[in-house]
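Here's the letter readout for the chains.
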Amino acid sequence: MSNFMDRFGEIFAMLMSPLWNHPDRMQKLSRFLMRCFAVMLTIGILVWLSQRPVFALKQIQIEPVAGQTLKHINKSMVKQQVLETVQGNFFSVRLEDVKRGFESMPWVRHANVRRVWPNGLIVSIEEQKPFGTWGGADSHVLINNHGEIFAGRVSEINDDVILVDFRGPEDSGPEVMSLYEKANNWFKPWGAEVVSLALTERYAWHIKLSNGMKVEFGRDEESSDKTLTEERVARLFKYWPQVQEKWANRVDAVDLRYANGFAVHLASASMKKNDVDGKKSELKQ
């Protein structure tokens, strides 16, 4: 117990004794304080320099990504809008905020932002490529070839761009685009392309082809067999020569929602529908 008390007394005396009685400690403390002062001085100088007007953002260069030209983005208007809303200077500006600001603009799909010394930004923009209308030509909503919906007007697109008419439930753009690609491949033997595709709220869908033919499809999810629709399309092609032989070019619509056959609709008003089951055809008047 006496040894412990002696040791405690030595430590207490060392702590309570004046610092100047220990030159080695004074030197260590002095070096530490000098380092702290140097660091604080350096930080202060850097902060002062970073706030100089020379580093205020004054130049924004907008360029398209490789392989693109900007057709729907007014560069001067966009530059002015960004300069008025961006916060910070060359050092303090948050590039992610600038990126989000650009990507919120119409016709901008992606933006990449980087600094240019001493007071500029370079923004590389991937412009939206319109592939079709969404909800009709007057809806002011377009869809790109990735199935992404964006704001845009048909009047802003060159007349030589042919748009497909798409319709569907909210957030169904990628699925609609997938169905479009499938249907386009299916009907290549007819030399026809899909010009419109509509997906219902119950996820049944129908298309219109460039040859004027309309085709109705059911909902694939009703069956665990994902090849169900493909099988029905194959059946249509198999027996299509028989349909053409009997009604030539009078068929304007085909309904593939039947399990064991398909129905055709004739353009003639006197004959409305014919059922074809692959073995026989029966005219219903």
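Below or above, wherever it landed, is the structure these notes cover. None of these values were measured; they are calculated from a predicted model.

1. Some thoughts on the overall build of the chain
Okay, so step 1: Within the chain, the regular secondary structure consists of six helices and 14 strands.
Okay, so step 2: Burial analysis of the chain (285 residues in total) assigns 33% to the buried set.
Okay, so step 3: Here the analysis covers contacts within the chain between residues at least 6 apart in sequence; of these, 45% occur between residues at least 24 apart.
Okay, so step 4: A total of about 18500 Å² of accessible surface is found on the chain, and carbon and sulfur atoms cover 55% of it.

2. Structural notes on the sheet that holds strand 3 (residues 120–127)
Neighbouring strands of a sheet are bound in pairs by backbone hydrogen bonds; such pairs are parallel or else antiparallel.
Okay, so step 1: Strand order across the open sheet formed by three strands is 1-3-2, with mixed pairing between neighbours. A strand with exactly one partner marks an edge of an open sheet, and here the two such strands are strand 1 (59–64) and strand 2 (108–116). The average undirected angle you get between the axes of adjacent strands in this sheet is 20°.
Okay, so step 2: Across eight bridges, the pairing between strand 2 and strand 3 is antiparallel.

3. Structural notes on helix 6 (residues 228–247)
Owing to its 3.6 residues per turn, the α-helix aligns residues three or four sequence positions apart on the same side.
Okay, so step 1: The first and last C-alpha atoms of helix 6 sit 27 Å apart over 20 residues, in line with the 28 Å expected at 1.5 Å per residue.
Okay, so step 2: Of all the bends found along helix 6, the most pronounced is centred on Tyr239 and spans about 45°, while Pro241, a proline, follows it within four residues.
Okay, so step 3: Along helix 6, the residues classified as buried are Leu228, Thr229, Arg232, Val233, Leu236, Tyr239, Trp240, Val243 and Trp247.

4. What to know about the nonpolar core
Okay, so step 1: In this structure, Phe166, Leu197, Trp205, Ile207, Phe217, Val251 and Val254 are the most contacted members of the largest nonpolar core, which totals 33 residues.
Okay, so step 2: Taken together, the elements giving at least two residues each to this core come down to strand 7 (164–167), helix 5 (173–186), strand 8 (194–199), strand 9 (205–209), strand 10 (214–217), helix 6, strand 11 (251–255) and strand 12 (262–266).
Okay, so step 3: Ignoring sequence-local partners within four residues, the contact set of Val254 consists of Met213, Lys214, Val215, Glu216, Leu236, Trp240, Phe262, Ala263 and Val264.
Okay, so step 4: Ranked by size, the runner-up nonpolar core spans 22 residues in total, among them Ile73, Val108, Val113 and Leu142.

5. Things to note about the environment of Leu142
Okay, so step 1: Within the fold, Leu142 resides in strand 5 (residues 141–144).
Okay, so step 2: Spatially, the C-alpha atom of Leu142 lies 8.0 Å from that of Val154, the residues being 12 residues apart in sequence.

6. Details of the pattern of salt bridges
Okay, so step 1: Here the structure, examined in full by the defined rule, presents nine salt bridges.
Okay, so step 2: Here the salt bridges share partners, and the residues they tie into one network are Arg94, Glu96, Asp97 and Arg100.

7. Thoughts on the packing of aromatic side chains
Okay, so step 1: Under the defined criterion, the tally for this structure stands at 14 aromatic pairs.
Okay, so step 2: Ring geometry for Phe91 and Trp117: centres 6.1 Å apart, planes at 80°, overall edge-to-face. Here Phe91, found in the loop between helix 3 (75–85) and helix 4 (95–103), pairs with Trp117, found in the loop between strand 2 and strand 3; they are 26 residues apart in sequence, far enough to count as distant.
Okay, so step 3: Among the residues examined, Trp117 registers a relative accessible area of 59% and is labelled exposed.
Okay, so step 4: Among the aromatic residues, those joined into a ring-pair cluster are Phe187, Trp190, Phe237 and Trp240.

What counts and what doesn't
Residues numbered from 1 in each chain as written. Predicted model: local features only at pLDDT ≥ 70, side-chain atom pairs only at ≥ 80, totals over all residues. Heavy atoms only, no water. Helix = DSSP H or I, 4+ residues; strand = E, 2+ residues; numbered from the N terminus. Buried < 20%, exposed > 50% of the residue type's maximum accessible area, 1.4 Å probe, protein only. Contact = heavy atoms within 4.5 Å. Areas by Shrake-Rupley, 256 points an atom, 1.4 Å probe, with all protein chains shown as cover. Pairing = 2+ DSSP bridges. Axes fitted to C-alpha atoms, helices over the stretch in contact; angles between N-to-C directions. Expected span 1.5 Å × (residues − 1). Bend = angle between axes of the 7 residues up to and from the residue. Core = buried A, V, L, I, M, F, W, Y, C linked by side-chain atoms within 4.5 Å. Salt bridge = Lys/Arg side-chain N within 4 Å of Asp/Glu carboxyl O. Phe/Tyr/Trp six-rings, centres within 6.5 Å; stacked < 30°, edge-to-face > 60°.

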